[in-house]
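These are the residues of each chain, in order.
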Amino acid sequence: MSDLDLDFDPDELAMLRQLFRTEAQDALETVTTRVLAGGSAKPTHDALTEMMRVTHTLKGAAGTVGLNTMVDLSHRLESALAAFGREPSPWTPATADLLVEVTDALRGYLDVATEPAGEIAAVKIRDQIDQIARPNRRPMSLPPPFVEPPPEPVIEPTPDGAPIPETKAWLRVEPERIDELMSSAGELLFDRTRIERRVQLLRTLARDLARTRQNLHDALDTPNAPSRAALGEAESELAGQAALLSQTTAALLDEIEALRRTIGELQKSLTRIRMGPARDLMTHAARTLRALRRATGVHVELRTIGEDTEFDKAVAEQLVDPITQLLRNAVAHGVEPPAERAAKGKPATATVTIRARQDGNLLVLEVSDDGRGIDTAALRERLVSTGQWSATRAELANDGEILDALLGSGVSVRGDADELAGRGIGIGLVRQTVSKLGGEVKVSSSPGRGTTFSLRLPLSTALAQAMLFKVGGQVYAIPNVHVIDTTLVDATATTATVRHEQLPVLRLEALLGQGTATDRRAGVVVSFAGKSLVCTVDKIIGPREIIIKPLGPLLAPLTLYAGATISGSGKVQLILDPAQLVRRAYPDAPDAAIDDAGSAPMVLAGRALVIDDSRAIREAMTSMLGREGWIVDVAEDGARALQMTRQLRYDLIVTDLEMPELGGFDLIVHLRKDERFKTTPIVIITSRANPEHRRRARDLGVLALVAKPITRRKLLEALATR
Amino acid sequence: MAELRNVIVFTIGAVRYAVELRWVREVVSLGFVTAVPTAPPALGGVCNLHGTILPVLDVGAVLGGPPGPPARQGDGALVLETEGVICALRVDQVDHVASLHESGGAIVDAGGKPLTLLDPAVLVRLALELITTVGTAEPVP
């Protein structure tokens, strides 16, 4: 069976295989643990049974995701394990070690299963397993295939004086953090599929409701009084639809909750990937200060506190410049000359302290010096003499407010603020950078004792790439993932051709500003859910990295906006929601067409319950049945399934036979005792179908026994016998 | 029964209002006000307040009257917080803080002149209704 024979799209197959790999790692780990627990002795009967069960599950799951070599290998391993339970047992004292070797090799194989190297590995593992099963035979092994060692990397020595290429910033991340991310991303795919299916069910329901309404209308339209029978029929239809609606809503809410959890996990893993200790930033600061000391001759040393405080590496990178700036300021303007320090009784060597700490959701980074402090009286005078503040305001303001003016917290002061109090250039720059990162700067100072700048930043920031542009004098953004191009559009054109495609034009100047344009305008080509359009704008600013801020509950109903960001100068810029832009450009398209253009209209087949202890098989079955219009719930064993059937009716049960808690046959026996499940179609999926199984299945009224691996064709054939 | 209320008294246009101090988080002068196209006049725009997005409300329009002048940078504003919602009211002038007697919703200042006592929760609810009506309206093709 090649990948082409499988019933999954490539993304789905990749994710199912990823799931299978995780599952297989666990199963093999179980085997290893059981073997090791017994030392070199033969495992107990129970241990062997458990090992066989997990190996068996592995085989079934491997088949379903189309890894046929893995099916063969697990089959061989299962047979070998079975052989140990029989007399005479081929177990020897060396077997334990060999078994562990095999499971280790299998684990290694999983990573290369779909690559050419996998086949070579498989040959070797097959041999190893055979040897365990028949220890007295000489292995009929082929010589190990010769694999050419990779060539040694050759590093060209850099000739003296040649410019060293600029090094790119790399993010060092532990592999486990990436794995977490991968598994959350995979989870997301399944969450999406489940929600899509429910939505399809809702659509079918809406159609049914319309039909019922029509029936009701027809009944009421009859010249005489409507017949009780017709009304009764409509009533019972409505009752059924209402019940299904509330069930679906409940299920949808559950699935959205699951989605919320997955997204939460994803965000957490992402954050973990991006977090790093403050140490790197402080090491950098120490280097900067050493350079400053050499350049200025000022005696100053650095003290660092809280080097282990973790925060966003991307934020740390952006803080290098502001910290450098603050150190420069401290050395140039904060620290007094040695004579002055001596006169004040201060130690000759000044100290600059960088302190990092976490305060709730904030990272606080403080840069303090023990210098002369800021002269607030002089600053007050400067504010008045430069005309920025009225004399009364300056008089009323306390020192804190005066110091805030230094940072230009009101935009009007910015620019000149650096000059004020002779703090050198760049304080405005510090504020600007920190503000862009979603934080703020505070300054405190005590005359003769020193100055402290404290940078308060969010621990991690949701940085995103966005296209920025101007409309009606204001800057707006659209997430870059939805921007495919920029173009020029004629003044009155209602469509534009982009990449040989005729696209509708949405006049943002009409939507967001006043009036209409008279000249050719710049256009941003936006694409969302398979639909594209051109948005005309006044001026394209270009792609930028932005921090997305939520709009809050009051603005949430304004669906045109997906959020906002804050510019370097502290202005709020609105982010447009591409989905809404598409909706406005395609007013005739029903919502359905926007969310999934590819899916064919679907007829509801019913509600199915899939029970299997392999996650990969559960997901594969969900996908196959979903495509046939089934709404699928899943359970990992019979006990859980029994619980679920108590709450909901199912129109189809698909179950595995061998499961840890309650096996398939026991489950079916229980179900058949329940009035509601007396005649429900049940399909058994198994890789161990013997005549005894078939007889029991027939007695229990099972629709069909399908051999694993399951394919869509086999499943459809089984369902067709209903 | 008259009750003593700690209020802040302010003026918008010709009307004098009072709001209980416990809802007032800050009195600020507004930073750059970004207009929010498609929003009703009740929403005067949005501002950056310490890194969060602050909606600025036009009290007149929220209460169903004519909107006041557009909110601009440098205007005075009261930042209110109620039921998890933070918003600002643009004001022309903050008069004073006082302890005044309220009786059956009526409140008068020290000089005996009546003031309009605003309940921030009601204001937010009204604003939300106005914004929802506009925000979810079908776009005009």
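Let me begin by describing the structure that accompanies this report.

Reading the values: rules and limits
Residues numbered from 1 in each chain as written. Chains lettered and ligands numbered in written order. Predicted model: local features only at pLDDT ≥ 70, side-chain atom pairs only at ≥ 80, totals over all residues. Heavy atoms only, no water. Pairing = 2+ DSSP bridges. Helix = DSSP H or I, 4+ residues; strand = E, 2+ residues; numbered from the N terminus. Phe/Tyr/Trp six-rings, centres within 6.5 Å; stacked < 30°, edge-to-face > 60°. Buried < 20%, exposed > 50% of the residue type's maximum accessible area, 1.4 Å probe, protein only. Lys NZ or Arg CZ within 6 Å of the ring centre and 35° of its normal. Contact = heavy atoms within 4.5 Å. Buried area = accessible area lost by both parts, 1.4 Å probe. Salt bridge = Lys/Arg side-chain N within 4 Å of Asp/Glu carboxyl O. Polar contact = N/O pair within 3.5 Å; in protein donor to acceptor, adjacent residues only side chain to side chain. Axes fitted to C-alpha atoms, helices over the stretch in contact; angles between N-to-C directions. Expected span 1.5 Å × (residues − 1). Arc of directions from axis to C-beta. Parallel < 35°, antiparallel > 145°, perpendicular 65-115°, else oblique. Left-handed = near helix turned anticlockwise from the far one by under 90°. Core = buried A, V, L, I, M, F, W, Y, C linked by side-chain atoms within 4.5 Å.

### A word on the pairing of strand S4 (residues 350–359) of chain A
Residue and element names in this part refer to chain A. Where strand S2 (residues 300–305) and S4 come together, six bridges link them in parallel fashion. Opposite threonine 304, over in S4, you have isoleucine 354 as the bridge partner. Of the strand pairs in this sheet, S4 and strand S5 (residues 362–369) are connected by eight bridges, and their pairing is antiparallel. Within S5, the residue paired with valine 352 across the bridge is aspartate 369.

### Brief notes about the packing of aromatic side chains
Between two aromatic rings, the relevant description is the distance of the centres plus the angle of the planes. A complete count under the given rule lists two aromatic pairs over all chains for this structure. Ring centres of B:Phe10 and B:Tyr17 lie 5.7 Å apart, and the angle between their planes is 20°; on these two criteria the pair is classed as stacked. Each member of the pair, B:Phe10 as well as B:Tyr17, carries the same accessibility label: buried. Between A:Lys531 and the ring centre of A:Tyr586, over which it is positioned, the NZ or CZ distance is 5.3 Å. Cation over ring: A:Lys571 sits above B:Phe32, and NZ or CZ is 4.4 Å from the ring centre.

### Brief notes about the interface of chain B and chain A
You'll often see interface size given as the accessible area lost when the parts meet. Every contact between the two is made by 31 residues of chain B and, on the other side, 26 residues of chain A. A buried area of about 2400 Å², summed over both sides, lies between chain B and chain A, and 71% of it is on carbon and sulfur atoms. Among the residues of chain B in contact with chain A, B:Phe32, B:Pro37 and B:Ile53 are the three that bury the most area, contributing 24% of the side total. Here chain B and chain A share zero salt bridges between them. At the boundary of chain B with chain A, the tally comes to five residue pairs in polar contact (both at pLDDT 80 or more). The set of elements that each furnish at least two residues to the side of chain B that touches chain A consists of strand S4 (43–49), strand S5 (52–57), strand S7 (85–91) and helix H2 (120–135) of chain B. Among the elements that make up the side of chain B that touches chain A, the one with the highest residue count is H2(B) (six residues).

### Digging into the sheet that holds strand S11 (residues 495–498) of chain A
All names here are of chain A. The mixed open sheet is built from five strands, whose spatial order is S10-S13-S14-S12-S11. The sheet terminates laterally at strand S10 (483–489) and S11, the two strands that pair on one side only. Put simply, the sheet's adjacent strands are angled 35° from each other on average, direction ignored. Contacting strand S12 (501–507), strand S13 (521–528) and strand S14 (531–537), helix H16 (residues 578–585) crosses the sheet at an angle of about 95° to S14.

### Considering the pattern of salt bridges
Using the criterion set out here, one finds 49 salt bridges over all chains in the structure. Ionic pairing is found between B:Arg5 and B:Glu20, a salt bridge with its closest N-O pair at 3.6 Å. Note that B:Arg5 is positioned in strand S1 (residues 3–12) and B:Glu20 in strand S2 (residues 15–20), a separation of 15 residues in sequence. Pair check on accessibility: B:Arg5 and B:Glu20 agree, each one buried. One network of salt bridges, in which partners are shared, links A:Glu336, A:Glu340, A:Arg341, A:Lys344, A:Lys346 and A:Asp370.

### Examining the sheet that holds S4(A)
Residue and element names in this part refer to chain A. On the basis of which strands lie adjacent, the open sheet formed by five strands has the order S2-S4-S5-S7-S6 and mixed pairing. Since the sheet does not close on itself, it has two edges, and those belong to S2 and strand S6 (440–446), each with one partner. Averaged over all neighbouring strand pairs, the angle between strand axes comes to 15°, with direction disregarded. Together, S2, S4 and S5 form the strand contacts of helix H8 (residues 279–296), whose direction differs from that of S2 by roughly 175°. Contacting S2, S4, S5 and strand S7 (450–458), helix H9 (residues 313–334) crosses the sheet at an angle of about 20° to S5.

### Quick word on H8(A)
All names here are of chain A. Taking 1.5 Å as the rise per residue, H8 with 18 residues should run 26 Å; its terminal C-alpha atoms sit 25 Å apart, in good agreement. Among the residues of H8, those classed as buried are Leu281, Met282, Ala285, Thr288, Leu289 and Leu292. Axial view of H8: buried residues confined to an arc of 115°, hence all on one face. Turned more than 90 degrees off the buried face of H8, the exposed positions are Asp280 and Arg294. Check the buried side of H8 and you find it contacts S2, strand S3 (310–312), H9, S4 and S5.

### A short note on the packing of helix H4 (residues 95–112) of chain A against helix H5 (residues 116–133) of chain A
Residue and element names in this part refer to chain A. Two elements in contact, H4 and H5, have axes separated by 10 Å at closest approach and are oriented at 160°. Compared by their axis directions, H4 and H5 come out roughly antiparallel. For the pair H4 and H5, the sense of crossing is left-handed. Contacts between H4 and H5 pair Thr95, Leu98, Leu99, Glu101, Val102, Ala105, Leu106, Tyr109 and Val112 from the former with Gly118, Ala121, Ala122, Ile125, Gln128, Ile129 and Ile132 from the latter.

### A look at the nonpolar core
Residue and element names in this part refer to chain A. In this structure, Phe20, Met70, Leu99 and Leu625 are the most contacted members of the largest nonpolar core, which totals 60 residues. In terms of residues, this core owes the most to one element, helix H1 (residues 10–37), which gives ten residues. If near-sequence neighbours (up to four positions away) are discounted, leucine 625 is found in contact with Ala608, Val610, Trp630, Val632, Leu652, Val654, Leu715 and Leu719. Within the second largest apolar cluster, 56 residues are counted, among which are Leu506, Leu555, Ala564 and Ile566.

### Considerations on unusual backbone geometry
All names here are of chain A. Of note, the amide linkage connecting lysine 708 to proline 709 takes the cis form, showing an omega dihedral of -5°. Relative to the elements of secondary structure, proline 709 occurs in the loop between strand S22 (704–707) and helix H22 (712–720). In this structure, arginine 499 takes a positive phi of about 50° despite not being glycine. Relative to the elements of secondary structure, arginine 499 occurs in the loop between S11 and S12.

### As for H22(A)
Residues and elements named next belong to chain A. What H22 keeps buried is the set Leu715, Ala718 and Leu719. What you see down the axis of H22 is that its buried residues fit within an arc of 95°, all on one side. The exposed residues of H22 that point more than 90 degrees off its buried face are Arg713 and Ala720. Those residues of H22 that are buried lie in contact with helix H18 (615–627), strand S19 (630–635), strand S20 (652–656), strand S21 (682–686) and S22.

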